[in-house]
Amino acid sequence: MINILLKNISIMLIISMVDKVYYSYEELDKLCRDNGSIIKKEFNPDVILAIGGGGLIPARILRNSIDVPIYVITMSTYDENNVSIEQPRIIQWMDFSILRNKRILIVDEVDDTRKTLKYLVEKLIKEDNLLSDNLGFFVLQNKKKSKAIELNELDVGYYKSGENVEDKWIVYPWE
Ligand code: 5GP
């Protein structure tokens, strides 16, 4: 009986590990550095806007190649009980009037459903009067899956992902 139980537990453990992809800090550092110099040439941002929590460390690594100030907002697509929610929740916002004529590179760790990016870009344009051409976006990984909005419908001047990956749960080294 105990043997069967142990066997089932190890099968479940193997399945849950297979469904996850693990990245090392070195791999992500390289993704940021390689893309940082390209983004600087192609978009040339004046500031980086990190979406906390996941975008904080990528934004800081990116600043090694794009030496501009980092601003931070915090958003979540999960509620207090860690249940996925339809509309992203704002935890901390900032006064965007100081960035009105700046080129802003928004940074997050992963483009999953793209709900966060869609919600954020629409809010920045409609409510904070930022120009879509001044908004760029960088993520370490873009998951290949159906999105809340297609890239050609998204009102941003620039989009770049470090790499396109399968739709699996990514575990980052800072988690
Ligand atoms: P969205 O679905 O709006 O594109 O992504 C919302 C947020 O969900 C991301 O910023 C990230 O914090 C979280 N998320 C989505 N997929 C993953 C994943 O595979 N791994 C981790 N660690 N977070 C994820």
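Keep in mind it's a predicted model, so treat the numbers as computed, not measured.

Caption draft 1: Here's a closer look at the overall build of the chain. The secondary structure content of the chain amounts to 4 helices and 8 strands. When the helices and strands of the chain are listed from N to C terminus, the series reads α-β-α-β-α-β-β-β-α-β-β-β.

Caption draft 2: View of the site of the ligand. The environment of the ligand is made up of 17 residues, and the closest members are T113, T116, K143, I170 and E175. The contact in question runs from an oxygen atom of the ligand to an N or O atom on the backbone of D112, over 2.8 Å. A distance of 2.7 Å separates an oxygen atom of the ligand from a polar atom in the side chain of K143. Relative to its unbound accessible surface of 510 Å², the ligand loses 89% to contact with the protein. Taking a 2 Å distance to the grid points as the criterion, the majority of the atoms of the ligand fall inside the largest pocket. Elements that contribute at least two residues to the shell around the ligand include exactly strand 3 (70-78), strand 5 (104-111), helix 4 (115-126) and strand 8 (169-171). Broken down by class, the residue content of the shell around the ligand amounts to 5 nonpolar, 3 polar and 9 charged.

Caption draft 3: Molecular detail of the packing of aromatic side chains. Taken as a whole and judged by the stated rule, the model has 5 aromatic pairs. Ring centres of F43 and Y158 lie 5.3 Å apart, and the angle between their planes is 15°; this geometry places the pair in the stacked category. Remark: Y158 occurs in strand 7 (residues 158-165) and F43 occurs in the loop between helix 2 (25-42) and strand 2 (47-52); sequence separation between them is 115 residues. Assessed through its relative accessible area of 2%, F43 is described here as buried. Note on Y158: relative accessible area 10%, which makes it buried. Grouping aromatic residues by their ring pairs yields a cluster made of Y23, Y172 and W174.

Calculation criteria
- Residues numbered from 1 in each chain as written.
- Predicted model: local features only at pLDDT ≥ 70, side-chain atom pairs only at ≥ 80, totals over all residues.
- Heavy atoms only, no water.
- Helix = DSSP H or I, 4+ residues; strand = E, 2+ residues; numbered from the N terminus.
- Near = heavy atom within 4 Å.
- Polar contact = N/O pair within 3.5 Å; in protein donor to acceptor, adjacent residues only side chain to side chain.
- Areas by Shrake-Rupley, 256 points an atom, 1.4 Å probe, with all protein chains shown as cover.
- 1 Å grid on protein atoms, 1.4 Å probe; cavity = no way out; pocket = protein on both sides within 12 Å on 5 of 7 lines; lining within 4 Å.
- Sits in = over half its atoms within 2 Å of the grid points.
- Nonpolar A, V, L, I, M, F, W, Y, C, P; charged D, E, K, R; others polar.
- Phe/Tyr/Trp six-rings, centres within 6.5 Å; stacked < 30°, edge-to-face > 60°.
- Buried < 20%, exposed > 50% of the residue type's maximum accessible area, 1.4 Å probe, protein only.

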